[in-house]
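Below, each chain spelled out in residue letters.
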Amino acid sequence: MRILVIGSGGREHALVWKLAQSRRVSQLYCAPGNAGIEALAPCVPIQAEAIAELKAFAQSERIDLTIVGPEAPLALGIADEFRKAKLKIFGPTKGAARIESSKVFAKEVMAAAGIPTATARSFDKVGPALEYLDRHALPVVVKADGLAQGKGVVVAMTREQARQAVTDLLEKRIFGEACRQVLIEEFLDGEELTVMAFTDGKTIVPMLPAQDHKRVGDGDTGPNTGGMGAYAPAPLGTPALRDAVMKQILLPVVEALLRRGCPFQGVLYAGLMVVNNRPYVLEFNARMGDPETQAVLPLLKTDLVEVVEAVVEHRLDQLAVEWHPDTAVCVVLTSAGYPGSYRTGFPIHGLPEHNASDDTLVFHAGTKRQGGEIVTAGGRVLGVIGRGTGLAQARDRAYRTARTISFEGCHFRTDIAARALSACG
Ligand code: AMP
Ligand code: GLY
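Residues numbered from 1 in each chain as written. Chains lettered and ligands numbered in written order. Predicted model: local features only at pLDDT ≥ 70, side-chain atom pairs only at ≥ 80, totals over all residues. Heavy atoms only, no water.

Spatially, the four strands line up as an open sheet ordered β2-β1-β3-β4, and their pairing is parallel. Each edge of the open sheet is held by one strand with a lone partner, namely β2 (27-32) and β4 (89-90). Inspection of the sheet shows strand β1 (residues 2-7) paired to strand β3 (residues 65-68) by four bridges, in the parallel sense. Bridge pairing in β3 places L4 opposite T66. Contacting β1, β2 and β3, helix α1 (residues 10-19) runs over the sheet at an angle of about 165 degrees to β1. (Pairing = 2+ DSSP bridges. Helix = DSSP H or I, 4+ residues; strand = E, 2+ residues; numbered from the N terminus. Contact = heavy atoms within 4.5 Å. Axes fitted to C-alpha atoms, helices over the stretch in contact; angles between N-to-C directions.)

Below you can see the structure in the form of structure tokens.
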């Protein structure tokens, strides 16, 4: 099979790494890819949102299957365009991807289907939103309706912060169309958990539960980022909790989308807050999470091509998806200043040549080749994955390798998976 992966981050490197192990694959491409992906698959200089060019490439290169990493092309309707052209693609249609691209739509679906989530109201005018805020308990959460690269959520501790967030979104329109509407949402106090699931629109196969670390600094301090690290399986995702997530969240949402005429096909990501052992939805994403994918995919035993094909051909019920019993920890190395402004172009030292061992893997995110060297090219630069028979071993392996890699301004959190480790004893 000839496969095209779309995207350029650590998630896509993990996808390409896993696909490259499949005997079913004869040729792999990635668009646009990065300096790490290049070692496994030719990288095509087409941006992930350039749907017409991607379609032309898939046609001219006789691609049998396209796998979409990021949300932006899905929200723009890449799956619809490819299917119209009879090209096989793994990822939801624009309609189904609204579960991520419109938080107001997601809340409506959840309310109608009785899915546990934070109570919220939507507003498109500043006046009523501010009036509602004045009566709301603190902390309170203000969210832009649309895609804002993870920056559209403010957890406000004071009324002043909340008012500022509402004004920034509804009046100043800092995220343009994405903030034509806002949600004002109840604050949930608990532990976050990510459950991603493969689904063909009917059958749902959950992946191992994972936990992301969103804040930039140790001890969950500083601003939110795209993700500073992750581990899987997260002990918080007990069998009872996984069962509740399946019955109360995944099954009803997939069924609701089917009933609304937009069946979901691809990976559905449930971002959860676990409060008193009960799962509540913070958000749905219409694709795999990053960095969670970097910790979860190395633990997938089944050939990923088999899984993806079963989804695309609507026969996921006939496949047994298996996982390795190990644990994986991913530590993200970032550029100084991220998630704010940062500089790029610094040479990266100490990078392992190949991902030869299964014990540690290095997935590239913001990297590029410049002359003979690999240099930094983004905020999140690398994901270093340690794998082992338990959290302690996996974590130790990840950090040991992370410390051998250096570039100017390199930053990483030193407490990825630390809380879970101490909770496990
Ligand atoms: P979201 O993009 O909706 O997942 O929000 C980004 C982050 O904001 C989440 O990972 C949480 O850390 C936080 N957050 C979002 N909604 C809530 C909520 N209702 N209560 C507490 N924290 C929240
Ligand atoms: N790890 C959060 C996300 O992928 O959106």
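So, about helix α5 (residues 94-101). All buried positions along α5 are accounted for by A96, A97, I99, E100 and S101. Buried positions along α5 lie against α3 (71-75), α6 (103-113), α9 (239-259), β15 (266-275) and β16 (278-285). (Buried < 20%, exposed > 50% of the residue type's maximum accessible area, 1.4 Å probe, protein only.)

Here we come to the packing of α6 against α9. Two packed helices can be described by the angle between their axes and the distance between those axes. Viewed as axis vectors pointing N to C, α6 and α9 meet at an angle of 105 degrees, and their least axial separation amounts to 10 Å. Relative to α9, α6 is oriented roughly perpendicular. Where α6 approaches α9, its residues F105, V109 and A113 are matched on the opposing element by P252, V253, A256 and L257. Of the residues assigned to the contact of α6 with α9, the class counts are seven nonpolar, no polar and no charged. (Parallel < 35°, antiparallel > 145°, perpendicular 65-115°, else oblique. Nonpolar A, V, L, I, M, F, W, Y, C, P; charged D, E, K, R; others polar.)

Every one of the 15 residues lining ligand 1 counts as a neighbour, but K143, E185, E186, L188 and E192 are closest to it. Between a nitrogen atom of ligand 1 and a side-chain N or O atom of E185, the distance comes to 2.8 Å. Relative to its free-state accessible area of 470 Å², ligand 1 is covered by the protein chains to the extent of 92%. Taken together, the elements giving at least two residues each to the shell around ligand 1 come down to β6 (140-144), β7 (153-156), β8 (182-186) and β16. (Near = heavy atom within 4 Å. Polar contact = N/O pair within 3.5 Å; in protein donor to acceptor, adjacent residues only side chain to side chain. Areas by Shrake-Rupley, 256 points an atom, 1.4 Å probe, with all protein chains shown as cover.)

Glancing now at the nonpolar core. Nonpolar side chains tend to gather and get buried jointly when the protein is soluble and globular. Counting 73 residues, the largest nonpolar core has I78, I99, V253, F284, V329 and L333 as its most contacted members. Top contributing element to this core by residue count: α9, with eight residues. In contact with V253, other than residues within four places in its own chain, are I99, V109, I115, L268 and F284. Listed in part, the 48 residues of the second largest apolar core include C30, L65, M288 and V307. (Core = buried A, V, L, I, M, F, W, Y, C linked by side-chain atoms within 4.5 Å.)

Counting across every chain of the model gives 29 salt bridges. When the shortest N-O distance is used, the salt bridge between R287 and E71 registers 3.1 Å. Placement of the pair is R287 in the loop between β16 and α10 (292-296) and E71 in helix α3, with a sequence separation of 216 residues. Look at the salt bridges and you will find they share partners, linking E191, D220, R413, D415 and R419 into a network. (Salt bridge = Lys/Arg side-chain N within 4 Å of Asp/Glu carboxyl O.)

A few words on the site of ligand 2. Close contacts around ligand 2 come from D212, Y269, N285, R287, G289, D290 and E292, and that covers them all. Separating a nitrogen atom of ligand 2 from a side-chain N or O atom of D212 is a distance of 2.8 Å. Within the side chain of R287, a nitrogen or oxygen atom sits 2.9 Å from an oxygen atom of ligand 2. Each residue belonging to the shell around ligand 2 can be placed in one class, and the counts come to one nonpolar, two polar and four charged.

Here we take up the side chain of T302. Here T302 is to be found in the loop between α10 and α11 (304-312). According to the relative accessible area criterion, T302 is buried, its value standing at 11%. Among residues more than four places away in sequence, those in contact with T302 are K18, V307, A320, V321 and E322.

Pairing is antiparallel in the open sheet, where four strands are placed in the order β10-β9-β15-β16. Here the strands that pair on one side only, and so sit at the sheet edges, are β10 (204-206) and β16. Direction aside, neighbouring strands of the sheet carry axes that sit 35 degrees apart on average. As paired elements, strand β9 (residues 191-199) and β10 share three bridges and run antiparallel to each other. Its bridge partner lying in β10, F198 is registered against V205. Sheet strands in contact with α9 are β9, β10, β15 and β16, and its direction is about 45 degrees off that of β16.

On to α11, then. Across the nine residues of α11, eight count as buried, placing the element largely inside the fold. Those residues of α11 that fall on the buried side of the exposure criterion are L304, V305, V307, V308, E309, A310, V311 and V312. Its side-chain oxygen at 2.8 Å from the backbone nitrogen of V305, D303 defines the N-terminal cap of α11. Looking one or two places after α11, you find H314, whose phi comes out positive at around 55 degrees.

Within this model, the second largest pocket holds a volume of roughly 440 Å³. Lining of the second largest pocket is provided by 20 residues; of these, A39, P352, E353, H354 and H364 occupy positions nearest its centre. Taken together, the elements giving at least two residues each to the lining of the second largest pocket come down to α1, β18 (360-364) and β20 (373-376). The class makeup of the residues in the lining of the second largest pocket is nine nonpolar, seven polar and four charged. (1 Å grid on protein atoms, 1.4 Å probe; cavity = no way out; pocket = protein on both sides within 12 Å on 5 of 7 lines; lining within 4 Å. Points joined across faces, edges and corners; volume = space filled by probe spheres on them.)

One ladder, built from two bridges, connects strand β12 (residues 215-217) with strand β13 (residues 221-224); its direction is antiparallel. Note on β13: the bridge partner recorded for G217 is T221. Between the end of β12 and the start of β13, which pair antiparallel, lie three residues, with G219 showing a positive phi angle near 70 degrees.

Within the secondary structure, R395 is located in helix α12 (residues 391-402). Salt bridges are absent for the buried R395, whose nearest opposite-charge side chain, D415, sits at 6.4 Å. Separated by 3.0 Å, the side chain of R395 and the backbone oxygen of T414 make a polar contact. Non-local contacts of R395, meaning those with residues more than four positions away in its chain, are made with V329, T414, D415, I416, A417, A418 and L421. (Lys, Arg positive; Asp, Glu negative; His and termini not counted.)

Purely geometric stuff here, so don't read any function into it on its own.
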